[in-house]
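# Commentary on secondary and tertiary structure
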Amino acid sequence: MSVFDDLVGQDTVIEQLRSAARAADGLLAGGTGAGMTHAWLFTGPPGSGRAVAARAFAAALQCAHGGCGHCDSCHQVLTGTHADVLYVRPTGLSFGVERTRDLVLRAASSPTGGRFRVVLFEDADRATEAASNALLKAVEEPSPRTVWLLCTPTAEDLLVTIRSRCRLVLMRTPGTPAVVDALVRRDGVDPGLAGAVARAAAGDVERARRLAADPEARERRREVLSMPARLDGLGACVSAAARLYELAEAEAKQTTAALDEQEKADMRAAFGEGATGKGVAKAVRGAAGALKELEERQKRRATRIKRDTYDVALMDLAAFYRDVLAVQLGAQVQRSTESHDEDVRRVAGSSTPEATLRRVDAIMRCRERIAANVHPQIAIEAMTAALYLG
Amino acid sequence: MLGYMSTASVSALSVVVGDEELLVDRAVAELVAAVRAGDPEVDVHDLMPGQVSAGKLVEVTSPSLFGERRVVVLRSAQDLTKDLATEVTGYLRAPADDVVLVLVHAGGAKGKALLDAALKAGATRINCAKPTKAAERLEFLKGEFSRAGRQITRDAAQALLDAVGTDLREIAAACTQLVADTEGRVDEKAVARYHTGKAEATGFTVADRAVEGRVAEALEQLRWSLAVGTAPVLINSALAGAVRGLAVVVQPPRGIADAELAKRAKVPPWKLKSLRQQARGWSPQGVARALQVVAETDALIKGAGRDPAYALERAVIEIGTARGQRR
């Protein structure tokens, strides 16, 4: 067993990281540490396991046995409680400069366990430009034992100045057999279902796992995929857009509602609501500002969840038209929308490859618009209208 | 509605109910004036909830040594604390002869018990609700002129309302000013000399004109609504709503009832007729183009472009062009 077991279909990456961890061990023993460096950038398509790889690497760095997977240290890193690993996971739309400065300061301290101080920054592309600039110096010349692990979808998502200071770890899209194997072996998913969701997720391990575990997610995907066949007029386009909008709102609400209330109650309790005694009234009044700030944060989190939901739906739609294109061009590739084969063939038969490409463009434009803060319903209506007309 | 009260008609207990400040102030002032007409020496205590205490209430309502009359005005009676409200209710049961009590209440559910108690005790109710309909405001405006002993034509009154807006205080001020500045019957020309433009132009008017293909009017309305401070995002969402309505009625899903159609277009059922009217002259391709324009414009307003006003003007023109589009 090893900390790298969770990585699916990334053999070259595992080899690269293992040898770096060995070099790091040598460094601690007084060697030159050739093969190890202080800043790493993990890139790869969604679901390829950037954060998983970074976490495994962090564990290997903290473990005396190169990431054995069963010592205390490995366990702590993998569960996210290791004292020398700073976990940064932006929950909002962006990661601001103030929090970055704070992070830089904390990253500079010496490791308490005598090995490395590791900063694991997931979704580093959410750092604003000012935040990236604040990171620059720390990433270039960190304290002797500090190691930065940044994760982004592509290297281009970061400022060139940061990119050039990091060693790249390129994750590849895992093949379907590897994903099926991982689902069956580790999550105990039924092989038949594992095969279906692995093909549906097209290499996105996280998404495959989600689809396997959550029947509602499968249902939502089915609904999204049956959309193109139902676009028989502009009225239907508007309805479909409204439906997508409702789905995303519902999803965000479901994820956040319970969480929000709990957080608010905790915050109020922390300010002494319900308590008695001298000075309580004043303290509770002071909670108003903090509560407002918390609500702002929660709102940003909800926005991000909504955007992620739209993105998943739009990528499913794009996958549908990719398969349409594959049918139209007679390409022998694995298709991810086998459940809607009839729809795919019908759409393929009634349009040209050029129209299909225009439709894919419309979907991508819609993603860009939603990312640019256009009202999702407006953006999606424009998209469904374009899908309808071709 | 007011203005002809004699001393005799001033009841010992009145409630002024409503949230229109101007009307409330006038009603109170007239009550005070009416009492004062009968007795110039009258004492007036005009109290906000913050100034009222149990002691103060007793002080202003207890019999005085020289028997002069007093007017006690309790403003924002709905905001009185529970204890004070009980005090007032207690007084209502045993009112003093030489005190005229005026309770000013905003209406609504807050402090309703006190209002009910006062009405039960035989209070005269004076309603000062905010006029909500355009016709009511027109009536008010005409009333302003007749109070001053002047006349205004219907068109002139409408023009003045369009220019001034919905705030009664502003309407009253504009009327007073016009009465002072003009002579004789006030007509449209006189109004136009002092007032131009529109105080209230909404995104909905812009959107309606734009989808009807009246581009010049839509642009004019757009300039007005931007000038009075309507947020560009709201104007664009009005455009989006209008185009969405078109999309639904131009190519409705097959076999769908009107009620359901109205629900999808997010309009009340009676509006379907005007939507269908607007949809005349639109082709599906044109509507699809308009949907694109709206999405582009939303992006331009939200930071992809430099000038939201320009983005909206472009949208109005593009939508006008899309209307003529045949394929």
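What counts as what
- Per chain, residues are indexed from 1 in the order of the written sequence.
- Chain A is the first chain written and ligand 1 is the first ligand written, with later ones labelled in order.
- In keeping with the model being predicted, local features are shown solely for residues with a pLDDT of at least 70 and side-chain atom pairs are shown and tallied solely at 80 or more, while totals for entire chains, interfaces and linings include all residues.
- In computing side-chain values, all of the structure's heavy atoms are included and hydrogens and water are not.
- Put simply, DSSP marks the helices as runs of H or I at least four residues long and the strands as runs of E at least two long, and each gets a number from the N terminus on.
- For every residue, the accessible area (1.4 Å probe, protein chains only) is compared with the maximum for its type, and the residue is labelled buried under 20%, exposed over 50%, or partly exposed between those bounds.
- Working rule for contacts: check all heavy atoms of both residues, and any pair within 4.5 Å makes them a contact.
- Areas reported as accessible are Shrake-Rupley estimates using a 1.4 Å probe. Residue values count occlusion only from the protein chains shown.
- DSSP calls a pair of strands paired once it identifies at least 2 bridges connecting them.
- Orientation is described by axes fitted as lines to C-alpha atoms, over the contacting stretch for helices, and by angles from 0 to 180 degrees between their N-to-C directions.
- Working definition: rings of Phe, Tyr and Trp (its six-membered ring) pair if their centres are within 6.5 Å, and the pair is stacked with planes under 30 degrees apart, edge-to-face with planes over 60 apart, and tilted otherwise.
- Take the accessible area each of two parts loses on contact, using a 1.4 Å probe, and add the two losses: that sum is the buried area.
- Basic side-chain nitrogens of Lys or Arg form a salt bridge, by our definition, when they fall within 4 Å of a carboxyl oxygen of Asp or Glu.
- What qualifies as a polar contact is a pair of N or O atoms within 3.5 Å, subject to a donor-acceptor requirement within protein and to the restriction that residues adjacent in sequence count only when both atoms come from side chains.
- Residue polarity is assigned by list, with Asp, Glu, Lys and Arg as charged and Ala, Val, Leu, Ile, Met, Phe, Trp, Tyr, Cys and Pro as nonpolar; anything else, Gly included, falls into the polar class.

### Focus on the overall build of chain B
Each helix and strand in chain B was counted, giving 15 helices and five strands. Here chain B holds 327 residues, and the buried ones make up 43% of them. Put simply, of all contacts in chain B between residues at least 6 apart along the chain, 74% involve residues at least 24 apart. Accessible surface for chain B amounts to roughly 16,800 Å². Of this, 53% is attributable to carbon and sulfur atoms.

### Observations concerning the overall build of chain A
Looking only at helices and strands, chain A features 16 helices and five strands. Considering chain A as a whole, with its 390 residues, one finds that 49% of them fall into the buried category. Pairs at least 24 apart in sequence give 71% of the contacts found in chain A among residues at least 6 apart. About 18,400 Å² of surface is accessible on chain A, with carbon and sulfur atoms providing 53% of the total.

### Focus: the pairing of strand S4 (residues 146–152) of chain A
All names here are of chain A. Of all seven residues that make up S4, seven are buried, and the element is covered over most of its length. What you see with S4 is no split at all: Thr146, Trp148, Leu150 and Thr152 on one side and Val147, Leu149 and Cys151 on the other are buried throughout. Note: strand S1 (residues 39–43) against S4, five bridges, orientation parallel. Note on S4: the bridge partner recorded for Phe42 is Cys151.

### A few points about the sheet that holds strand S2 (residues 85–88) of chain A
Residues and elements named next belong to chain A. The strand order across the open sheet built from five strands is S2-S3-S4-S1-S5, with neighbouring strands paired in parallel fashion. Strands at the two margins of the open sheet, each flanked by one partner only, are S2 and strand S5 (167–170). In this sheet, neighbouring strand axes are inclined to one another by 15° on average, regardless of whether the strands run parallel or antiparallel. Of the pairings in the sheet, the one linking S1 to S5 comprises four bridges and is parallel in character. For Phe42, the partnering residue across the bridge sits in S5 and is Val169. Across the sheet, helix H1 (residues 11–28) touches S1 and S5, and the angle it forms with S5 is around 145°.

### Details of the packing of aromatic side chains
Describing an aromatic ring pair means giving the distance of the ring centres and the angle of the ring planes. Residues and elements named next belong to chain A. Following the criterion strictly, the structure yields four aromatic pairs over all chains and no others. Measuring from ring centre to ring centre gives 4.9 Å for Trp40 and Phe57, while their planes differ by 65°; the resulting arrangement is edge-to-face. Note that Trp40 is positioned in strand S1 and Phe57 in helix H2 (residues 50–62), a separation of 17 residues in sequence. Among the residues examined, Trp40 registers a relative accessible area of 0% and is labelled buried.

### Examining the interface of chain B and chain A
With 22 residues of chain B at the interface, the matching set in chain A holds 21 residues. When chain B packs against chain A, close to 1,800 Å² is buried across both sides, 59% of that on carbon and sulfur atoms. Counting across the chain B and chain A interface gives one salt bridge. Measuring nitrogen to oxygen at the nearest pair gives 2.5 Å for the salt bridge that ties Arg244(B) to Glu381(A). Put simply, chain B and chain A have eight residue pairs in polar contact (both at pLDDT 80 or more) between them. Of the residues forming the side of chain B that touches chain A, the biggest block, 12 residues, is contributed by helix H14 (residues 284–304) of chain B. Among the residues forming the side of chain B that touches chain A, the class breakdown is 11 nonpolar, four polar and seven charged.

### What to know about the environment of Val189(A)
All names here are of chain A. The residue Val189 is located in the loop between helix H7 (176–187) and helix H8 (191–201) in this model. Between the C-alpha atoms of Val189 and Arg209, which are 20 residues apart in sequence, the distance is 8.9 Å. If near-sequence neighbours (up to four positions away) are discounted, Val189 is found in contact with Leu183, Val184, Ala194 and Ala212.

### Side note on the environment of Lys264(A)
All names here are of chain A. Within the secondary structure, Lys264 sits in helix H12 (residues 234–270). A residue is classified by how much of its surface remains accessible, and Lys264, at 16% relative accessible area, is buried. Taking C-alpha positions, Lys264 is 7.6 Å from Leu294, a pair spaced 30 residues apart along the chain. The residues touching Lys264, leaving out its near neighbours within four places in the chain, are Leu291, Leu294, Glu295 and Gln298.

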